[in-house]
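A look at the structure
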Amino acid sequence: MNTLVVGALTFWAMAWWFNVRLSKLPQNRLTALLQPLLFGATLLVLWELLVRGFQVSPVLLPPPSAIGSRFASSLPILWTDLVQTFFKGALTGYVIGCGSAILVAVAVDRLPFLRRGLLPVGNFASALPIIGMAPIMVMWFGFDWQSKAAVVVLMCFFPMLVNTVQGLLAADHLQRDLLHTYAASYWQSLFKLRLPAASPFLFNGLKICTTLALIGAIVAEFFGSPTAGMGFRISTEVGRLQLDMVWAEIAVAALVGSAFYGLVALAERAATFWHPSQRR
Amino acid sequence: MRRRLASGSTVPILTIVGFIIALWYVMAVVLNAPWAYDQAGRQGVTLDFGGLVAATWSQDRPRLPAPHQVATEFWNTTIEVAPTSRRSLVHHAWITLSATLMGFVMGATLGILLAIGIVHNRAMDASVMPWVIASQTIPILAIAPMIIVVLASLGLTGLLPKAVISMYLSFFPVAVGMVKGLRSPDRILLDQMHTWNASGTQTFVKLRWPAALPYLFASLKVAVAASLVGAIIGELPTGAVAGLGARMLSGSYYGQTIQIWSALVMASILAASLVALVGLAERLTARAMGARP
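Check the secondary structure of chain B and you find 12 helices and zero strands. In sequence order, chain B lays out its α and β elements as α-α-α-α-α-α-α-α-α-α-α-α. Expected size for 293 residues packed as a compact globule is a radius of gyration near 19 Å; at 25 Å, chain B overshoots this value by more than 25%. If one aligns the C-alpha atoms of chain B with their principal axes, the spans along those axes are about 90 × 65 × 35 Å. Taken across its 293 residues, chain B has 38% of its residues classed as buried. Once local pairs closer than 6 in sequence are excluded, the contacts in chain B between residues at least 24 apart make up 73%.

Within chain A, the secondary structure is distributed over 11 helices and zero strands. Put simply, chain A runs from its N terminus to its C terminus through helices and strands in the order α-α-α-α-α-α-α-α-α-α-α. Compactness check: chain A gives a C-alpha radius of gyration of 24 Å against a globular reference of 19 Å for 280 residues, more than 25% above the reference. For chain A, the C-alpha atoms occupy an extent of roughly 80 × 55 × 30 Å along the three principal directions.

Contacts between the two partners involve 47 residues from chain A, matched on the other side by 43 residues from chain B. Elements with a minimum of two residues in the side of chain A that touches chain B: helix H1 (2-24), helix H2 (29-53), helix H5 (112-127), helix H6 (134-141), helix H9 (186-220), helix H10 (230-239) and helix H11 (243-271) of chain A. Sorting elements by how many residues they give to the side of chain A that touches chain B places H5(A) first, with nine residues.

Splitting chain B by domain gives domain 1 (2-63) and domain 2 (89-288). Taking only C-alpha atoms, the centre of domain 1 of chain B and the centre of domain 2 of chain B are 37 Å apart.

Packed helix pairs are characterised by how far apart their axes lie and by the angle those axes make with each other. All names here are of chain A. Closest axis-to-axis distance for the H6/helix H7 (residues 145-168) pair is 8 Å, and the angle between their directions is 140 degrees. Classified by the angle between their axes, H6 and H7 sit oblique to one another. In terms of crossing hand, the pair formed by H6 and H7 is right-handed. Along the contact surface, H6 presents Ala134, Met137, Val138, Trp140 and Phe141, while H7 presents Gln146, Ser147, Ala150 and Val151. A class-by-class count of the residues in the contact of H6 with H7 yields seven nonpolar, two polar and no charged.

Residue and element names in this part refer to chain B. Averaged over all residues, the pLDDT of chain B is 82; the fraction at 70 or higher stands at 95%. At the level of individual helices and strands, chain B shows its lowest average pLDDT in helix H1 (residues 2-7), which scores 58, and its highest in helix H5 (residues 89-120), which scores 90. Interface confidence for the predicted complex, given as ipTM, is 0.75, next to a pTM of 0.81.

Right, let's get into the domain arrangement of chain A. Per the domain assignment, the segments of chain A are domain 1 (2-56) and domain 2 (71-278). Distance between the C-alpha centres of domain 1 of chain A and domain 2 of chain A: 35 Å.

So, about the packing of helix H11 (residues 244-254) of chain B against helix H12 (residues 257-288) of chain B. All names here are of chain B. Packing of H11 against H12 leaves a shortest axis separation of 8 Å and a crossing angle of 160 degrees. The orientation of H11 with respect to H12, classified from their angle, is roughly antiparallel. Where H11 crosses over H12, the two elements pack in a sense that is left-handed. Touching Leu244, Arg247, Met248, Gly251 and Ser252 of H11 are Thr257, Gln259, Ile260, Ala263, Met266 and Ala267, all from H12. Split into classes, the residues belonging to the contact of H11 with H12 amount to six nonpolar, four polar and one charged.

Moving on to the environment of B:Gln136. Within the element layout of this structure, B:Gln136 appears in the loop between helix H6 (122-135) and helix H7 (140-153). With 32 residues separating them along the chain, B:Gln136 and B:Tyr168 place their C-alpha atoms 8.7 Å apart. Apart from residues lying up to four places away in sequence, B:Gln136 is in contact with A:Thr211 and B:Phe172.

Another point: H10(A). H10(A) sits mainly inside the fold: seven of its 10 residues count as buried. Tucked inside the fold, the buried residues of H10(A) contact helix H4 (75-109), H9 and H11 of chain A together with H7 of chain B. Of the residues flanking the end of H10(A), it is A:Leu241, one or two places downstream, whose phi is positive at about 60 degrees.

Residue and element names in this part refer to chain A. Inspection of the secondary structure assignment puts Pro63 in the loop between H2 and helix H3 (64-73). Taking the number of C-beta atoms within 10 Å as the measure of exposure, Pro63 has 18 and is therefore partly exposed. Through-space distance from the C-alpha of Pro63 to that of Phe260 is 27 Å; in sequence the pair is 197 residues apart.

This part covers the nonpolar core. Counting residues in each nonpolar core, the largest one holds 136 residues, and the members touching the most others are A:Val152, A:Cys156, A:Val219, B:Met178 and B:Leu228. Considering every element that reaches this core, the biggest residue donor is H7(A), with 16 residues. When residues no more than four places from it in sequence are discounted, the contact partners of A:Val152 are A:Gly89, A:Ala90, A:Gly93, A:Tyr94, A:Gly97, A:Ala213, A:Gly216 and A:Ala217.

Moving on, we get to unusual backbone geometry. In terms of backbone geometry, most residues other than glycine have negative phi values and most peptide bonds are trans. For A:Ala183, which is not a glycine, the phi torsion comes out positive at approximately 60 degrees. Tracing the backbone through its elements, the reader meets A:Ala183 in the loop between helix H8 (173-181) and H9. We note that B:Asn197 has phi near 60 degrees; this positive angle belongs to a residue other than glycine. Along the chain, B:Asn197 turns up in the loop between helix H9 (187-195) and helix H10 (200-235).

This brings us to the environment of B:Pro161. Residue and element names in this part refer to chain B. Tracing the chain through its elements places Pro161 in helix H8 (residues 159-182). Distance in space between the C-alpha atoms of Pro161 and Val150 is 9.3 Å, their sequence separation being 11 residues. Ignoring anything within four residues of it in the chain, the contact list for Pro161 reads Ile147, Ile148, Leu151, Ala152, Leu156 and Gly234.

Quick notes on the rules
- Residues numbered from 1 in each chain as written.
- Chains lettered and ligands numbered in written order.
- Predicted model: local features only at pLDDT ≥ 70, side-chain atom pairs only at ≥ 80, totals over all residues.
- Helix = DSSP H or I, 4+ residues; strand = E, 2+ residues; numbered from the N terminus.
- Rg over C-alpha atoms; globule rule 2.2 N^0.38 Å.
- Buried ≥ 20, exposed ≤ 12 C-beta atoms within 10 Å, placed from the backbone.
- Contact = placed C-beta atoms within 7 Å.
- Domains from an automatic or database assignment.
- Axes fitted to C-alpha atoms, helices over the stretch in contact; angles between N-to-C directions.
- Parallel < 35°, antiparallel > 145°, perpendicular 65-115°, else oblique.
- Left-handed = near helix turned anticlockwise from the far one by under 90°.
- Nonpolar A, V, L, I, M, F, W, Y, C, P; charged D, E, K, R; others polar.
- pLDDT = per-residue confidence, 0-100.
- Core = buried A, V, L, I, M, F, W, Y, C linked by C-beta atoms within 7 Å.

Here is the structure:
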């Protein structure tokens, strides 16, 4: 067993040395990609070797290879869980929550009085543990995906609202005056100036909400769910001490979460190419 | 005075809050009406509007309790009961708060240390930073039950497992904010330190750290709110023993909606006071450093 531990430490030292050497090279795309990859691989190898070396019980922490094989052998289950939790629960709630927040923000923006009141209240509500509403939503909307979507709507609404309201203030006076001299109507100036000017803020909110949506949908399933879904699977498999299955679900969640975030970030790059933070 | 009221945000905020409470009462009538009609039908009485309102605002297990019901329950479980009793909400809030604070301190320390390493070591910057970001794609709240179970089988129970979840949630905003903050001094200021022949430690203590403080406090506010959420979720799988999360879970098992709502109110009060405390610390630090309001 000790050879494995020694091997793990040796690998770690070698990878670290190699990484330090890499960071001294001139930076280009390859080294920028290689370094985090090497670090990640080191973590996986260390995990595998240490778990085997110290003979950690798979009930506590399964090695990555076991998780990988479990992942490969239970793809159909993982897929149904993904559809139930992500596509039905999280995505529906994300669209409804973010969409309604944008509409409310645009409506409120016409009345400065309401805006002054709504910004502090929205900021306050964004800091609240809204995820605690999950049991109530499950009570109201039943066990299926509708209640999960409702939790996601609640979680996404306030961060998105605050970001949109702030974004709509982003166009400066010179630009607004210019549109005024063009005799632009309210809707023209909204669509041609203020919404585009607000889009960095909009995308900031949209990106924050991607992670909130997935977490909300999974946690809401702890309070009651049909016999499918990532949160349901995690809580039941923890009860059966099948931790490799749990880790496989976590891997799915991490992959889907990153992909969702990445998609929104790509859309952001396409839509706000003019913004200083996107220029290269 | 009148002008100040009109231009400030007090009146608008009160308007919005009043509107929300009014909407809450209306929703309570709408959501609780089926049950009220059902009860009235069984007793063979017809409900007029006043009777309907009275019936929907005073149910024992309403779908949506009216605000005053939540306020009464909140009052009864905080003031009327001794804070040491297991029925006291203060007792549960304290359990959650202690886990929150422990996780927050651990997370903030870890975040600051990581940021210092990332700013001062190029290899760490290139290899660790992407994984700090990737670590947040794991929905930690979703695997909180597993972490609690695994740590419990290692013999760790009580405060620490919950604090670990809080730590995981709160280290990220601090690390990202501090990296930004420690890098915020201009090239020209760093060069100035260089011409004074300042050592790395001196540059850190006299330039980078003070420059990073505004960023630190901004991320601490986010971190403390996240930390509270982590502690609450961490309490769910402990079998509804103690803490605000346990109150919510047991409330949802037994259909005690008023209990869930009062736990939510308590959690909101905690979140607001924690964020306000960090804000106060921020103002005090800024004043001590000579900032003019």
